[in-house]
Amino acid sequence: MKKIVLLVVILFQITAFAQSNRKRADGYFEDFKFKKAIVYYERAASKGKKVDPEVMKGLADSYFYVTEYKKAKEWYEKLYADDIEAVDEPAFIRYIQSLKASKEYETADALIKSYYKDNLERMRLIEFQQQRLDSLLANEPQFRVENLLVNSNKSDFAPAYYENSIVFASSRDTTKFMQRNYSWNNQPFLDPYIAMIDQSTGQLRNTKKFLENMDSSFHEATMTFSSDFKTVYFTRNYATKRKLKVNKNGISNIQILRGTIEDGKITNVASLNFNSKEYSCGHPSLSSSGTHLYFASDMPGGFGGSDIYVSEIKQDGSMGTPINLGSYINTPGREMFPFAIGEDLYFSSDTHYGLGGLDIFRAGQKSITKYTMPVNLGRPINSNMDDFAYIENESVASGYFSSNRAMGKGDDDIYYYELLAPKAYQLYSGQIMDKDANSPIPFATIKVYNERNVLEKEIVANDKGEYSLKLPLESEYTIMFTKPGYTQHTSVVKTMNTPNLESKQNLVLLVSFDQFVIKEGNVEKIKVNPIFFESFKYGITPQAEVELKKIILVMNSFPNIRIRIESHTDSRGPDLMNYKLSNQRARSTYDYLIANGIDPSRIESAIGYGETELRNYCINGVKCTEDEHLINRRSDFIIVSK
């Protein structure tokens with residue numbers, strides 16, 4: 001009994017100790033002091049055999065937020081296996097990003113498809129983005145990327161163009177006598193710096209603090225400038241002098257400020273009217289016209305952790321009501337660091353289909369709030385870690401972005417990229433025609449697949465059915481030509497090692513659906529000659545195979561077609577035997593089509609009608625010629641949907 005009591009006391013002490021560690025960890029977590037939270041969550045997890053799901057989640061999230069993705073993955077993995085209900089969608093997204101950061105792409109893809117299997121709209125977007133990314137990864141990179149000499153061993157990120165220079169955020173400063181560190185990553189607070197662009201290399205030179213009087217004790221970062229560089233929008237903590245302002249939950253959020261630049265100083269600094277201490281607004285980016293401001297925020301009513309919004313800048317300088325960019329851009333995860341240029345919006349996301357962490361995406365602008373499906377920029381712009389804060393100089397096809405990828409110099413680094421010169425190619429062109437009408441087929445779709453059967457490009461023929469493709473040298477491609485209502489055509493093309501070689505007048509003939517169909521009243525049937533069977537037999541003859549292959553061609557060419565098979569006999573022979581024989585012939589026809597690759601779900605039924613539906617007067621007892629009996633001995637392939 002004494003031993004049992006002692007054991008209970010020990011277990012109670014261990015439990016109390018674990019709860020104490022968890023309470024301290026939760027406190028540090030709520031204060032964004034993730035590194036300290038990890039210490040106490042680890043202690044809580046080490047006590048006892050079964051780890052509390054909330055401790056596992058706290059550890060996973062803490063490691064995630066300090067970008068230790070492999071450790072985060074391990075704890076998300078344990079949490080997902082132990083208590084799947086504890087993994088809500090935001091936590092699931094962090095789990096997926098941790099897997100991808102660890103380059104476990106197949107596991108991540110399988111989990112994504114399982115998690116979103118009932119969300120058809122989400123799956124459609126994921127599949128589209130995955131296909132586009134696979135296509136990019138199958139090709140040679142379009143960009144050259146270089147880590148900048150200006151990077152320090154701290155955080156350097158968020159570049160912005162300022163005249164012939166780049167302004168960026170950095171935590172490198174060690175000149176302050178009483179340096180304060182940010183508890184999230186235990187680094188100094190961010191300040192803006194400026195460096196000259198070396199126009200020949202893209203490197204940055206002569207780094208110094210930006211603006212004489214812009215030096216607070218807290219974060220100042222992510223800037224955007226008007227076209228005359230006299231107005232600046234930037235991000236800063238809510239703070240007065242050396243004290244952070246906090247909301248009712250004790251959290252210090254960030255806000256967007258606007259100021260005027262005069263004589264190397266900032267004046268007229270004012271907070272934008274949509275800011276609030278209850279949520280964060282940051283990462284501002286002016287539109288090319290200067291009439292709208294894009295930014296990221298976790299304000300109420302969004303889709304996820306942070307969304308991208310746009311606000312109109314009115315004539316008097318006041319800001320319009322922020323508009324969320326909607327579900328094409330924003331997700332249940334994080335979207336941030338927008339950059340608007342021309343008719344394109346670039347931004348970073350950890351939930352749109354990518355390579356891991358934050359990836360940079362581009363979406364085409366239909367209107368100020370409507371966009372095309374975002375597409376991943378692929379490698380080497382994106383990596384398995386966080387890639388963000390993309391900017392572009394259209395005139396020289398180059399720009400900058402930020403990343404915490406492996407082999408960098410600090411926590412975050414700034415990278416220069418430039419578009420590579422296109423490789424030599426061969427031209428493959430021709431025209432798509434209607435085989436029977438001998439007329440052009442306008443706006444047909446042409447898809448090009450590489451040797452790994454990955455879609456590399458997709459184009460549309462012009463109104464005359466003409467197309468032209470640039471194909472890299474010494475490669476093999478499968479080119480598929482399609483148009484709704486027509487058969488499809490596939491060509492295999494091998495290119496040689498001869499730059500600029502042209503292969504012209506490649507004629508593609510497609511056949512219209514109407515050429516395969518015959519109408520009898522309101523019924524459409526696939527047009528075939530009579531299916532011949534030997535007398536009183538139901539085996540498929542060589543003559544019957546010729547016609548059945550036409551059925552297979554039509555069904556393969558038009559994959560939405562569903563049919564039913566009806567088999568008929570003439571009146572010769574006993575009625576019951578004819579009924580049985582026609583059913584056997586219908587079934588053997590069905591079996592032949594299935595054996596040759598037709599999905600059973602595309603055949604509604606296969607039924608024999610014997611001699612019950614004769615087409616002429618050749619009933620029992622009436623003398624008819626062989627040709628007259630032949631009219632009744634038939635199989636019909638009736639189209640029930642298309």
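Quantities reported herein were computed from a predicted structural model and do not represent experimental measurements. (Residues numbered from 1 in each chain as written. Predicted model: local features only at pLDDT ≥ 70, side-chain atom pairs only at ≥ 80, totals over all residues. Heavy atoms only, no water.)

Caption draft 1: Highlighting the overall build of the protein. When helices and strands are tallied, the protein shows ten helices and 37 strands. Taking 2.2 N^0.38 as the reference for a compact globule, 642 residues should give roughly 26 Å; the C-alpha atoms of the protein span a radius of gyration of 34 Å, well beyond that estimate. Overall, the protein is about 115 × 85 × 50 Å in size when its C-alpha atoms are taken along their principal axes. Split into buried and exposed, the 642 residues of the protein put 48% on the buried side. Of the contacts formed within the protein by residues at least 6 apart in sequence, a portion of 56% connects residues at least 24 apart. (Helix = DSSP H or I, 4+ residues; strand = E, 2+ residues; numbered from the N terminus. Rg over C-alpha atoms; globule rule 2.2 N^0.38 Å. Buried < 20%, exposed > 50% of the residue type's maximum accessible area, 1.4 Å probe, protein only. Contact = heavy atoms within 4.5 Å.)

Caption draft 2: Structural view of the layout of surface pockets. There is about 1600 Å³ of room inside the second largest pocket. Leu136, Asn139, Glu140, Pro141 and Gln142 are, among the 47 residues lining the second largest pocket, the residues nearest its centre. Of all the secondary-structure elements, those providing two or more residues to the lining of the second largest pocket are helix H7 (120–137), strand S19 (344–349), strand S21 (375–376), strand S22 (387–393), strand S24 (413–419), strand S28 (455–460), strand S29 (466–472) and strand S30 (476–482). Sorting elements by how many residues they give to the lining of the second largest pocket places H7 first, with six residues. Tallied by class, the residues present in the lining of the second largest pocket amount to 23 nonpolar, nine polar and 15 charged. (1 Å grid on protein atoms, 1.4 Å probe; cavity = no way out; pocket = protein on both sides within 12 Å on 5 of 7 lines; lining within 4 Å. Points joined across faces, edges and corners; volume = space filled by probe spheres on them. Nonpolar A, V, L, I, M, F, W, Y, C, P; charged D, E, K, R; others polar.)

Caption draft 3: Representation of unusual backbone geometry within the structure. Cis peptide bonds are those with omega within 30 degrees of zero, and the linkage from Arg379 to Pro380 qualifies with 5°. Counting through the fold element by element, Pro380 comes out in the loop between S21 and S22. Here Asn206, not a glycine, exhibits a phi torsion of approximately 55°, which is positive. Looking at the secondary structure, you find Asn206 in strand S7 (residues 204–209).

Caption draft 4: Broad picture of helix H2 (residues 34–45). Between its first and last C-alpha atoms H2 spans 16 Å; for twelve residues at 1.5 Å apiece the expected length is 16 Å, and the two agree. Looking only at H2, the buried set comprises Phe34, Ala37, Ile38, Tyr40, Tyr41, Ala44 and Ala45. (Expected span 1.5 Å × (residues − 1).)

Caption draft 5: Looking closely at empty space enclosed by the protein. Under the counting rule described, the total for this entry stands at one cavity of 30 Å³ or more. By volume, the largest cavity amounts to about 100 Å³. Lining the largest cavity we find 14 residues, and of these Ile96, Ile112, Tyr116, Arg122 and Thr351 sit closest to its centre. At the level of elements, helix H5 (89–101) and H7 are the ones that each hand at least two residues to the lining of the largest cavity. Here the lining of the largest cavity takes five residues from H5, the largest share from any one element. Taken together, the residues that form the lining of the largest cavity break down as seven nonpolar, four polar and three charged.

Caption draft 6: Here's a closer look at the sheet that holds strand S16 (residues 307–312). Read from one edge to the other, the open sheet built from four strands follows the order S14-S15-S16-S17, with strand pairing classed as antiparallel. Edge strands, defined here as strands with exactly one partner in the open sheet, are strand S14 (281–286) and strand S17 (323–324). Where S14 lies against strand S15 (residues 292–297), four bridges are found, and the strand directions are antiparallel. Within S15, the position partnered with Ser285 by the bridge is Tyr294. (Pairing = 2+ DSSP bridges.)

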